Amino acid sequence: MGIPVLIYGRSGTGKSRSLKNFGEDEITLVNVEKKPLPFRKKFKYIVNTDNYKTVCNALQKSPSNAIVIDDAGYLLTNMFMRGHAVRGNGSATFDLYNDIGDSFWNLFESIKALPDNKIVYVIMHEEESDSGTTKLKMLGKLLEQKVCIEGMVTIVIRCMCDGKRHYFSVRNSGRDITKTPEDMFEADEIENDLKAVDTAIRKYYEIEVK
């Protein structure tokens, strides 16, 4: 069973930057918005797409054990922007939101169907709820109220920036959705380094590199 991992944060807090320490052939990058990376390294395996079928195909055929979907939130946004004007109002809009929710849920099911040595990092933006809690920036009530994406995964890491450094928060603050397994990380805050996180996850779960 593949492992989905959520990486979330505000824009500019180091979500894409966290890929910097991966070797050029160590990840398959699904670049949803087809935007340049914030560092000079070029990865060997890159798929530029926001099409779910192409994304899932990239997951299945990935030559690397680590896969990154950056920024997965635009899978939702782009599907809505392309569909809302075409479908009109009323029940058609309701059906569009259902299709968006179904497609995103199925993406996580596809990740879990991957081999045991595959870890998929799903990068997303955050937003603040009306109650002041930090959560994933979603689209539509189906995913927020019926599915709860963060409930489908064991590891949710938050990207943070204090103006001087970028870092990961790996402990729940009581007002966000961050969570990691007990004893996976010793500190509440760790370096903004997804390669180090990948190493820690594989060590914790004793995942053999195939």
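Residues numbered from 1 in each chain as written. Predicted model: local features only at pLDDT ≥ 70, side-chain atom pairs only at ≥ 80, totals over all residues. Heavy atoms only, no water.

A. View of the overall build of the chain. When helices and strands are tallied, the chain shows 5 helices and 9 strands. If you list the helices and strands of the chain from N to C, you get β-β-β-α-β-α-α-β-β-α-β-β-β-α. A compact globule built from 210 residues should have a C-alpha radius of gyration of about 17 Å, and the chain, at 17 Å, falls within 12% of that. The principal-axis extents of the C-alpha atoms in the chain amount to approximately 50 × 40 × 30 Å. Once local pairs closer than 6 in sequence are excluded, the contacts in the chain between residues at least 24 apart make up 64%. If you average the places of the 30 positive and of the 30 negative side-chain charges in the chain, the two averages end up 5 Å apart. (Helix = DSSP H or I, 4+ residues; strand = E, 2+ residues; numbered from the N terminus. Rg over C-alpha atoms; globule rule 2.2 N^0.38 Å. Contact = heavy atoms within 4.5 Å. Lys, Arg positive; Asp, Glu negative; His and termini not counted. Charge placed at Lys NZ, Arg CZ, Asp CG, Glu CD.)

B. Region of the structure containing the packing of aromatic side chains. Within this structure, the stated rule accounts for 4 aromatic pairs. When the centroid spacing of 5.1 Å and the interplanar angle of 85° are considered together, the rings of Y204 and Y205 count as edge-to-face. The ring of Y167 carries R165 above its face, with NZ or CZ at 4.1 Å from the centroid. (Phe/Tyr/Trp six-rings, centres within 6.5 Å; stacked < 30°, edge-to-face > 60°. Lys NZ or Arg CZ within 6 Å of the ring centre and 35° of its normal.)

C. Representation of the nonpolar core in the model. In terms of nonpolar packing, the biggest core is built from 34 residues, with I69, F104 and L107 touching the most fellow members. Among the elements of the structure, β1 (3–9), α1 (52–61), β4 (66–70), α2 (73–87), α3 (91–112) and β5 (119–128) are those that each provide at least two residues to this core. Looking at this core, the element that brings in the most residues is α3, giving 6 residues. Those residues in contact with I69, other than ones at most four positions away along the chain, are V30, V32, V55, L59, L75, L107, V120, Y121, V122 and I123. Among the nonpolar cores identified, the runner-up in size contains 27 residues, and I27, V68, I119 and I123 belong to it. (Core = buried A, V, L, I, M, F, W, Y, C linked by side-chain atoms within 4.5 Å. Buried < 20%, exposed > 50% of the residue type's maximum accessible area, 1.4 Å probe, protein only.)

D. Summary view of the pattern of salt bridges. Under the defined criterion, the tally for this structure stands at 9 salt bridges. Close ionic contact of R158 with E126 constitutes a salt bridge, the shortest N to O distance being 3.0 Å. Residue R158 is found in strand β7 (residues 155–161), and its partner E126 is found in strand β5; the two are separated by 32 residues along the sequence. In this structure, D188 engages R171 in a salt bridge whose closest nitrogen and oxygen atoms are separated by 3.3 Å. With D188 in the loop between β8 (166–169) and β9 (189–191) and R171 in the loop between β8 and β9, this pair connects stretches of sequence that are 17 residues apart. (Salt bridge = Lys/Arg side-chain N within 4 Å of Asp/Glu carboxyl O.)

E. Fine view of the environment of V170. Inspection of the secondary structure assignment puts V170 in the loop between β8 and β9. Relative accessible area serves as the criterion here: at 1%, V170 is assigned to the buried category. If near-sequence neighbours (up to four positions away) are discounted, V170 is found in contact with I157, T178, K179, T180, F185, A187, D188 and I190.

F. Summary view of α1. When α1 is considered as a whole, its buried residues turn out to be Y52, V55, C56, A58 and L59. For α1, the arc enclosing every buried residue in end-on projection is 155°, short of the 170-degree limit, so these residues lie on one face. Every exposed residue of α1 that faces more than 90 degrees away from the buried side is listed here: K53, Q60 and K61. The opening residue of α1 is N51, an N-cap whose side-chain oxygen sits 3.0 Å from the backbone nitrogen of K53. (Arc of directions from axis to C-beta. Polar contact = N/O pair within 3.5 Å; in protein donor to acceptor, adjacent residues only side chain to side chain.)

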